[in-house]
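Residue-level listing of the chains:
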Amino acid sequence: MWFRRDLRLDDHPALAAACADGEVVPLFVVDPVFAASGGPRLAYLHDVVRALDASLRDRVGVGLVVRHGLPARVLPDLAAEVGAASVTVSRDYTPYGRRRDATVAEALSADGRTLRGIGSPYAVAPGGVRKDDGTPYAVYTPFSKRWRRTGWPEPVDVPLGDAAWPTVDSDPLFDRPDPGCELPTAGERAALDRWDAFRSADGGVDGVTAYDDRRNLPALDGTSRLSPDLKWGAIHPRTILADIDAGGAGDRGETVFSSEIAWRDFYADVLFQRPDSAWQNLDRSMDALPVDTDEVARSRFQRWCRGETGFGIVDAGMRQLAATGWMHNRVRMITASFLVKDLHLPWQWGARWFLDHLVDGDLASNNHGWQWAAGTGTDASPYYRVFNPTTQQERFDPEGAYVERWVPDPVEPMLDHAAERVEALRRLDVQRAARSAD
């Protein structure tokens, strides 16, 4: 059993299938590609793997087998070492994951072994939500309606006790990098505890029921904080959906909360259909939109990164990110809009910064969220949306508690938002003229 983005023992279809075969070697491969991950994300991965190793030792008496190297070399070598006929995985739908798994499958096949994919990190795997004619959805709202009608399996039991768990030599795990910030407790138990606490009405507030009222207020603890756990599969979205009415007939909070999982599945599906959209505009006509990339632009970008724009809610978000490896979702939209609409910078700069600093950095959700803000992605009426950071702060942080917490030393605004809004729309006219000329 090769663990990747499914670092848990319960509600795990691939692990259940591996256990049914009788003998299981639990493997984690330290892939050289991990070196490109941001410090917070890699440190959190380290902690989740450690937690999984501890759970295995507690429940089955052996720990993870850790090996370092290219998966296409590690998997055939270990399979030969232990005499495994197959390698079981949860399917990976990311561009890199698909390429990696294809090379691993080919390498295993050369030795007469198989790579067996079962399940995925999503409620509905990419490719599972389609129109009546079999084509994929390009817009979220119709996707989400079909997503709810499509449904998802119930959580599965994993018969850990039915399998034999041989002892196999292991390498040490990679050294934990300094994340540069304080990270939450990682692992399956911590994820389940977070979920239970969020919906347990501690302090008189059921987080799911109150979600629609509280989710956009960054001064409140109104979101589940499960995004890092979903990123690494310490909890499966199916586990969450089984505890609420996600079919659309429940209360408003349940519907809106489950919509966040639908968004996650939607963006994964878009990336699955268009792998190039990870770093290129989904709407290629937006390639003609002028953006700034000179030294002045770099300097302005650095002020955004440091949280020194002079706009309180933007600076609060960027400082929250630096201090915690996380940013409230409403504030992610505001800071992204500021970068692309007020500073006129490429959305890819912001997306890369977020991936380098977010503990929950996920390529599909992060980069397509940035394309939503930039007006280059799936939204039906995108570019005209220009968030006013001042009115956003007045609406979503009316008492100023969030901004005061993170920005005790405000600076003067670096620009005139009204003027930059006009400039953003002028650039859109340039793009539209170029599209018409084509």
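Scoring rules and cut-offs
- Residues numbered from 1 in each chain as written.
- Predicted model: local features only at pLDDT ≥ 70, side-chain atom pairs only at ≥ 80, totals over all residues.
- Heavy atoms only, no water.
- Helix = DSSP H or I, 4+ residues; strand = E, 2+ residues; numbered from the N terminus.
- Rg over C-alpha atoms; globule rule 2.2 N^0.38 Å.
- Buried < 20%, exposed > 50% of the residue type's maximum accessible area, 1.4 Å probe, protein only.
- Contact = heavy atoms within 4.5 Å.
- Areas by Shrake-Rupley, 256 points an atom, 1.4 Å probe, with all protein chains shown as cover.
- Lys, Arg positive; Asp, Glu negative; His and termini not counted.
- Charge placed at Lys NZ, Arg CZ, Asp CG, Glu CD.
- Pairing = 2+ DSSP bridges.
- Core = buried A, V, L, I, M, F, W, Y, C linked by side-chain atoms within 4.5 Å.
- 1 Å grid on protein atoms, 1.4 Å probe; cavity = no way out; pocket = protein on both sides within 12 Å on 5 of 7 lines; lining within 4 Å.
- Points joined across faces, edges and corners; volume = space filled by probe spheres on them.
- Nonpolar A, V, L, I, M, F, W, Y, C, P; charged D, E, K, R; others polar.
- Polar contact = N/O pair within 3.5 Å; in protein donor to acceptor, adjacent residues only side chain to side chain.
- Right-handed = clockwise from strand over helix to strand, strands pointing away.
- Salt bridge = Lys/Arg side-chain N within 4 Å of Asp/Glu carboxyl O.

A. Representation of the overall build of the chain within the structure. Each helix and strand counted, the chain has 18 helices and 5 strands in total. On C-alpha atoms alone, the chain measures out to a radius of gyration of 23 Å, which is about the 22 Å that the 2.2 N^0.38 rule sets for 438 residues. Its C-alpha atoms give the chain principal-axis dimensions of about 65 × 55 × 45 Å. With 438 residues in all, the chain has 53% of them scored as buried. Restricting the contact set of the chain to residue pairs at least 6 apart, pairs at least 24 apart contribute 79%. Carbon and sulfur atoms make up 49% of the accessible area of the chain, which totals about 18600 Å². Charge-centre separation for the chain: the mean point of 51 positive side chains lies 4 Å from the mean point of 65 negative side chains.

B. Inspection of the environment of Pro 155 at higher detail. Position of Pro 155 relative to the elements: it lies in the loop between α5 (140-150) and α6 (188-198). Considered as a pair, Pro 155 and Ile 240 are 85 residues apart in the sequence and their alpha carbons are 9.4 Å apart. Setting aside anything within four residues of it in sequence, one finds Pro 155 in contact with Asp 11, Arg 238, Thr 239 and Ala 242.

C. Seen up close, the sheet that holds strand β3 (residues 65-68). Spatial strand order, β1-β2-β3: 3 strands in an open sheet with parallel pairing. Lying at the two open borders of the sheet, with one neighbouring strand each, are β1 (2-3) and β3. Judged from the 4 bridges that link them, strand β2 (residues 27-30) and β3 form a sheet pairing that is parallel. Paired with Phe 28 across the bridge in β3 is Val 66.

D. Structural view of the nonpolar core. Of all hydrophobic cores here, the largest spans 68 residues; its most connected members are Trp 147, Trp 195, Trp 304 and Trp 370. Here this core takes 8 residues from helix α10 (residues 252-273), the largest share from any one element. Apart from residues lying up to four places away in sequence, Trp 304 is in contact with Thr 309, Val 314, Met 318, Thr 335, Phe 338, Leu 339, Leu 343, Gly 350, Trp 353, Phe 354 and Trp 370. With 36 residues, the next largest nonpolar core counts Tyr 44, Val 158, Trp 165 and Val 359 among its residues.

E. Here's a closer look at empty space enclosed by the protein. Per the counting criterion, the structure on display carries 3 cavities of 30 Å³ or more. Put simply, the largest cavity is a space of about 70 Å³. Taken together, Arg 4, Arg 5, Asp 6, Arg 8, Ser 90, Arg 91, Asp 92, Ser 120, Pro 121 and His 236 make up the lining of the largest cavity. The class makeup of the residues in the lining of the largest cavity is 1 nonpolar, 3 polar and 6 charged.

F. Structural detail: helix α1 (residues 13-20). Judged by how many residues are buried, α1 sits mostly within the fold: 6 of 8 residues are covered. The set of residues buried in α1 consists of Ala 14, Leu 15, Ala 16, Ala 17, Ala 18 and Cys 19. Phi for Gly 22, located one or two positions after α1, is positive at around 110°.

G. Main features of the environment of Arg 146. With respect to the helices and strands, Arg 146 occurs in helix α5. Separated by 225 residues in sequence, Arg 146 and Gln 371 place their C-alpha atoms 23 Å apart. Of the polar contacts made by the side chain of Arg 146, one reaches the side chain of Asp 132; its length is 2.7 Å.

H. Broad picture of the pairing of β2. Burial along β2 is two-sided: the residues Leu 27 and Val 29 and Phe 28 and Val 30 are all buried. With 2 bridges joining them, β1 and β2 adopt parallel strand pairing. Looking at β2, one finds that Trp 2 is bridged to Leu 27. With helix α2 (residues 39-59) bridging β2 and its parallel neighbour β3, the resulting β-α-β unit is right-handed.

I. Summary view of the pattern of salt bridges. The full count for this structure, using the stated rule, is 29 salt bridges. Notably, a salt bridge pairs Asp 360 with Arg 332, separated by 2.8 Å at the nearest N-O pair. In this pair, Asp 360 is assigned in the loop between α14 (347-357) and α15 (363-374) and Arg 332 in helix α13 (residues 329-342), connecting sequence segments 28 residues apart. In this structure Asp 360 comes out as buried when scored by relative accessible area, which is 8%. Using a relative accessible area of 16% as the deciding quantity, one classes Arg 332 as buried. Taken together, the shared-partner salt bridges in this structure form one network comprising Arg 4, Asp 92, Arg 100 and Asp 101.

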